Amino acid sequence: MKLKFPLIAAFVAILSLTACGGGGGDSGAEVVNPNNPTTLVKTDNALGTGAEATAGKHVAVSYILWLYSASAADHKGTRLENGSFSFDLGAPGIIDGFQQGVTGMKVGGKRTVEVPASLAYGARGGNGIPPNNGLVFEITLTCAGTSAQCKLP
């Protein structure tokens, strides 16, 4: 009888530790950043009427960049930068989410693009962007054509 109670107590203790995952320690699970959209989201704020941005074309854009914030109503967190630049759509060197956001726009169009970290700077972060943080771009397409046509002033 004396041995029965300690055995039952030990069994209950082991069972409860098993049920809660072993009682602590690092589970090895990746920490999820809530400031990261799960998919690329493109919202046209104004439709353009000019040439369409397609792979291989040289495009010129104006943009504003924010960190993605799950707690902000429009998901625009800290504003990081704004500017204009031109590039060959589909060429390496521009984050995938930005290129996907520009693709299909027509000149004169304005689009908001929410970019998940996997299509931006990923787990490494960089350029003032924390690891695994999504981005929000507001993009205006000013030219889609050749590099000679889309020179910035």
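The structure we're discussing is the one just above.
For the structure given in this document, a descriptive report is provided here. Predicted model only: the values in this text are computed from it and were never measured.

## As for the packing of aromatic side chains
Argument step 1. In total, this model carries seven aromatic pairs according to the counting rule given.
Argument step 2. An angle of 75 degrees between the planes, with centres 4.8 Å apart, marks the rings of Phe98 and Phe137 as edge-to-face. Of the two residues, Phe98 sits in helix H2 (residues 96–102) while Phe137 sits in strand S5 (residues 135–145), which places them 39 residues apart along the sequence.
Argument step 3. Residue classification places Phe98 among the buried positions, given a relative accessible area of 3%.
Argument step 4. Grouped by ring-pair contacts, the aromatic residues Tyr63, Phe85, Phe87, Phe98 and Phe137 constitute a single cluster.
Argument step 5. If you follow Lys76 out to its NZ or CZ, it ends over the ring of Trp66, 4.3 Å from the centre.

## Digging into unusual backbone geometry
For residues that are not glycine, phi is negative in most cases, and the peptide bond is trans in most cases.
Argument step 1. Even without a glycine there, the phi angle at His75 is positive, about 65 degrees.
Argument step 2. Secondary-structure assignment places His75 in the loop between strand S2 (58–68) and strand S3 (76–88).
Argument step 3. Positioned with a positive phi, Asn132 is a non-glycine residue whose angle comes to about 55 degrees.
Argument step 4. Within the secondary structure, Asn132 sits in the loop between strand S4 (110–115) and S5.

About the thresholds
Residues numbered from 1 in each chain as written. Predicted model: local features only at pLDDT ≥ 70, side-chain atom pairs only at ≥ 80, totals over all residues. Heavy atoms only, no water. Phe/Tyr/Trp six-rings, centres within 6.5 Å; stacked < 30°, edge-to-face > 60°. Helix = DSSP H or I, 4+ residues; strand = E, 2+ residues; numbered from the N terminus. Buried < 20%, exposed > 50% of the residue type's maximum accessible area, 1.4 Å probe, protein only. Lys NZ or Arg CZ within 6 Å of the ring centre and 35° of its normal.

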